[in-house]
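# Structural features, examined
Residues per chain, in single letters:
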Amino acid sequence: MADVPGRPDWGVLRGMMADLRKATKGLPDLQRRMLEVTGTAWSPDGMIKAVVGPRGHLLELDIDPRVLRQPNSKALSASIVRTVRAAVENAGEQSRELLSGSLPGDLRAIGDTDMTTFVGSHDADVRLRSEDRE
């Protein structure tokens, strides 16, 4: 049947419905995997390691004791904030990849534009606060 203006293309609609069914079928697994995401980052000098959860909350902070040999609380604080921010960005990137791989083709363009609403806006909060201090 030829395309008729104003009439739906049933083949396209069937394909979209199949994509939607496939995407929604995997939602529980996707949600579980997204909640397991952790982001990890090291400071440039390798003295600080930060691990964050999927929403950017700090799970682990390792500070090499050698940092205390030359105490500078402002520099240490700034380094911690930068390292945590990098870990949050790492977690966000992993979440975006998971979500993008699970979206039907028609929705990937939406997902590629701005995923902060899906992966949590915490990374934006961390970025803004750390930029205020720099």
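Here's a quick rundown of the structure. Within any chain, residue numbers begin from 1 and follow the written order of that chain's sequence. The predicted nature of this model means local features are confined to residues of pLDDT at least 70 and side-chain atom pairs, given and counted, to a pLDDT of 80 or more, with totals for whole chains, interfaces and linings taken over all residues. With hydrogens and water excluded, all non-hydrogen atoms of the structure serve as input to the side-chain values.

As for its placement among the helices and strands, M47 is situated in the loop between β1 (39-42) and β2 (48-52). Taking relative accessible area as the criterion, M47 reaches 18% and is therefore assigned buried. A sequence separation of 20 residues divides M47 from V67, and the C-alpha atoms of the two residues are 6.9 Å apart. Put simply, DSSP marks the helices as runs of H or I at least four residues long and the strands as runs of E at least two long, and each gets a number from the N terminus on. Buried residues are those whose accessible area, probed at 1.4 Å on protein chains only, stays under 20% of the maximum for their type, while exposed residues exceed 50% and partly exposed ones sit between those limits.

Counted as salt bridges are all cases of a side-chain nitrogen of Lys or Arg within 4 Å of a carboxyl oxygen of Asp or Glu. According to the stated counting rule, one finds 5 salt bridges in the structure shown. With a shortest N-O distance of 3.5 Å, D29 and R33 are connected by a salt bridge. Separated by 4 residues within a single helix, D29 and R33 lie in helix α2 (residues 27-35), roughly one turn from each other. Since its relative accessible area comes to 35%, D29 is described here as partly exposed. Ionic pairing is found between D64 and R66, a salt bridge with its closest N-O pair at 2.8 Å. With relative accessibility at 42%, the residue R66 sits in the partly exposed group. Shared partners join several salt bridges into a network, and the residues in it are D29, R32, R33 and E36.

What follows deals with the packing of α2 against helix α3 (residues 73-102). Convention adopted: a line fitted to C-alpha atoms gives each axis, helices being fitted over their contacting stretch, and angles between N-to-C directions are expressed from 0 to 180 degrees. For the pair α2 and α3, the least separation of the axes is 10 Å and the interaxial angle reads 170°. Considered as vectors, α2 and α3 are oriented roughly antiparallel to each other. Residues L30, R33 and M34 of α2 pack against S95, L98, L99 and S102 of α3. Here the residues of the contact of α2 with α3 sort into 4 nonpolar, 2 polar and 1 charged. Any angle from 65 to 115 degrees is called roughly perpendicular, while one under 35 is roughly parallel, one over 145 is roughly antiparallel, and all others are oblique. Any two residues having at least one pair of non-hydrogen atoms within 4.5 Å are treated as being in contact. As a working rule, the residues Ala, Val, Leu, Ile, Met, Phe, Trp, Tyr, Cys and Pro are called nonpolar, Asp, Glu, Lys and Arg charged, and the rest polar, with Gly in that last group.

Keep in mind these values describe shape, not function.
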